[in-house]
Structure formats: structure tokens, C-alpha cells
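Single-letter residue listing:
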Amino acid sequence: MSETTPTVPTPDLRIVPIPSLVPHELEDPLRAQPLIHRLSQDGTLNNPPVVTPLAEAKRFVILDGTNRIIALEALGYEHALVQVVRYEPPHVELHTWNHVVTAPGASELQARLAMLPGIEIQETDPFHARAALARRAILAYAQFADGRTVSLGGGGLDLLQRTRLLQAIVDTYLEAGHLHRTDIHDLESLTRLYPDLSAAIIFPKYEHIEILDLAEAGLPVPTGISRHVIHGRALHLNYPLAKLSEDKPLEDKNRELAEWIRTQFSRRRVRYYAESTYLFDE
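Each value, and the rule that gives it
Within any chain, residue numbers begin from 1 and follow the written order of that chain's sequence. Local features in this predicted model are restricted to residues whose pLDDT is 70 or higher, and side-chain atom pairs enter the listing and the counts only when it is 80 or higher, whereas totals over whole chains, interfaces and linings include all residues. Calculation of side-chain values draws on the structure's entire complement of heavy atoms; hydrogens and water are dropped beforehand. Think of a 1 Å grid over the protein atoms and nothing else: a 1.4 Å probe that fits but is trapped marks a cavity, an open set flanked by protein within 12 Å on at least five of seven lines marks a pocket, and residues with an atom within 4 Å of a point count as lining. Grid points are joined across faces, edges and corners, and a volume is the space filled by probe spheres set on the points. For this classification, Asp, Glu, Lys and Arg are treated as charged, while Ala, Val, Leu, Ile, Met, Phe, Trp, Tyr, Cys and Pro are nonpolar and the rest, including Gly, are polar. For Phe, Tyr and Trp, rings pair up if their centres lie within 6.5 Å, where Trp contributes its six-membered ring, and each pair is then called stacked (planes under 30 degrees apart), edge-to-face (over 60) or tilted (otherwise). Only DSSP runs of H or I with at least four residues qualify as helices, and only runs of E with at least two residues qualify as strands; both kinds are numbered from the N terminus onward. Exposure is judged per residue with a 1.4 Å probe applied to protein chains only, and the accessible area is read against the type maximum: over 50% gives exposed, under 20% gives buried, and values in between give partly exposed. Lysine NZ or arginine CZ positioned within 6 Å of the ring centre and within 35 degrees of the ring normal marks a charge as sitting over the ring. For salt bridges, the criterion is a side-chain nitrogen of Lys or Arg within 4 Å of an Asp or Glu carboxyl oxygen. At least two DSSP bridges between two strands are required for those strands to pair. A fitted line through C-alpha atoms represents every axis, and for helices the fit uses only the stretch in contact; the resulting angles, taken between N-to-C directions, go from 0 to 180 degrees. The contact definition used throughout considers only heavy atoms, calling two residues in contact when any of these lie within 4.5 Å.

A.B. asks: I'd like a rundown of empty space enclosed by the protein, residues and numbers included.
C.D. replies: Here the structure, examined in full by the defined rule, presents one cavity of 30 Å³ or more. As a volume, the largest cavity reaches approximately 60 Å³. Forming the walls of the largest cavity are Arg136, Leu139, Leu159, Arg162, Thr163, Leu166, Pro204, Lys205 and Tyr206. Its residues assigned to classes, the lining of the largest cavity shows five nonpolar, one polar and three charged.

What follows is the structure, encoded as C-alpha cells:
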């Protein structure tokens, strides 16, 4: 009986014009600035941004790596190396980040939320808040360090208006810069992890089609809410940024990239992990 060698999937890596890339979430200035410094010092792109085509296939939605694109653009690059994926399971899973806010304090944060136009605040409990969030009856809910829970409503069924109101909620504490992302929603567990917690903001789960619809409408979701799990992701590329800035047609740059990828595979420098993996050198 003959043995067959398993086929290793090859990531779809391309060089595309930066203006063709549409963010699905707002950039985080606190993350973009260190990236600008790191890219200029290293001269290589380690982990390419992950994108998916829009319907007309001439533009791409950035699923992960908005801040890397912002950094490349700030450094004067016209093209970016990206990984193109199919935006559907099992290739990409869409989850939600919650926010742990450590500044401003709980009282100031609640006062800021109460001042937001269009936001309806109501005292509740975690059980009923989670149920209301699951059926999209509210925008989000907040659990404060003292155990109080309030629901944050408004926007009706209008996806654009709901997203604008969610951005207004995040803006109340984003300026302070004391924001941590987490997939935990239990206040007791979060308090153990973050002793200086002011509040935890629990967000709804977006659907894939909603992310694409908002991106095409030019309304990204607030920073740090969407969480994409990409299977078969290309990491640790270390592709020379100088190749992106060469004065050559885009077609030539992509031919060189394809040849570079073939060389990496032929020299056995690419390792594919089908299982979930922990990386300790990030």
C-alpha cells in the first residue's frame, strides 16, 4: 500500500495597495505608535495583516492588523503585504472582547455614561443583563467594582446607530488609556485578575455579515470589541519591507513574493501547525 504525504495548505499572501484596505474597527493610537517605531527599526514585516475581499473584490476588509496598516502608511508605504482569507467558518471565527476599565474611577465612569445622548441606563443584575444582550435588547452592560450592574440601551434595531452609540460608550474611557481586553464576563474572576477594576463593559456579538456591512458603509466597530480567530494564519514571515517600497509594478512585486514563498517552502523554513499553539516569543 502506498503512503501519501499530507498536503500542507499554503496561505494566500498578496501585496496590495493600502488605499484598497478598509478597516473593520477603529485603530488604537496606543498600539499604532509602538508599531511605527518597531517596523522602522526592524525593517521587516513579521505578522501580515489578515483581510477578506469585499463583494466587488477590488477592496479588502482588514479583519486583523489595522494598526499595522496605519503604521505602514505613516512610514510612507503605498503597498502592504497581507494574508487573504475566506470570512466564514472554519477559516475564521468571530468572537467578542469585553473591556476591563481601570480609569476613570467607577463614579466618574458612570457619570460620563449618564451624560451620553441616546443612551438609556437602567439598574439590573448580571443574569438579566446577559439575557437582554443575547437577544439584542440592549447595547451592552456594565458591571461596577461594587457589584452594581447597569444595562446600556438605545439605537433600536438600526445597526449603524447602535454601532455609533457603542463607539460613544467606548470613547468615555478610551481617552484615559486604561483599557484591557478580556473574554471573561464574570465580575468576581475579573476583580481577582484586575484589582484596580472600575468596571467591566460587556459587549454583544457581531455577525460576519454585519462586520462587512459596516466596513462597506465606512463605519468601523469600536476598537477592541471584535476578536477574529484565524485558522491557518501566517506568522513570523520576516518579509523585508524594502521590497514593498521598490519602484516596481504591483504585478512584479507579487511575482517576487510568490517566488520568495516557494523558496521558503523548498528550504523547509515553513512549519504548519494544525493544532492550537502557544507562542512564547511574541
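A.B. asks: Could you give an account of the packing of aromatic side chains, with specific residues and numbers?
C.D. replies: Under the counting rule described, the total for this entry stands at one aromatic pair. Seen in terms of ring centroids, Tyr239 and Trp260 are 4.9 Å apart; in terms of plane orientation they differ by 85°. Their pairing is edge-to-face. Placement of Tyr239 in strand S15 (residues 239–240) and of Trp260 in helix H9 (residues 250–266) is noted, with a sequence separation of 21 residues between them. Accessibility classification places Tyr239 together with Trp260 in one group, the buried group. A cation sits over an aromatic face here: Arg227 above Trp97, 4.8 Å from the ring centre.

A.B. asks: Provide a residue-level description of the pattern of salt bridges, including the pertinent values.
C.D. replies: A side chain of one charge can pair with a side chain of the opposite charge if their charged atoms are brought near each other. Evaluated as defined, the whole model comprises 13 salt bridges. Residues Arg14 and Asp12 are paired through a salt bridge, measuring 2.8 Å at the closest nitrogen-oxygen approach. Since its relative accessible area comes to 31%, Arg14 is described here as partly exposed. Linking Arg86 and Glu88 is a salt bridge whose minimum nitrogen-to-oxygen distance equals 2.5 Å. Linked through salt bridges whose partners overlap, the residues forming this network are Asp64, Arg68 and Arg233.

A.B. asks: Explain the sheet that holds strand S13 (residues 199–202) to me, and be specific about the residues and the numbers.
C.D. replies: Within the open sheet, the six strands sit side by side as S9-S11-S10-S13-S8-S12. Their pairing is antiparallel. Unpaired on one side and paired on the other, strand S9 (120–124) and strand S12 (179–182) mark the two borders of the sheet. The average angle at which neighbouring strand axes cross in this sheet is 25°, direction not considered. The pairing of strand S8 (residues 98–101) with S13 spans three bridges and is antiparallel. In the strand pairing of S13, His99 is matched with Ile201. Contacts between helix H4 (residues 126–134) and the sheet are confined to S9, strand S10 (140–144), strand S11 (149–153) and S13, with S10 contributing the most and set at about 160° to the helix. Strands in contact with helix H5 (residues 159–174) are S8, S10, S11, S12 and S13; relative to S8, the strand with the most contacts, it is inclined by about 30°.

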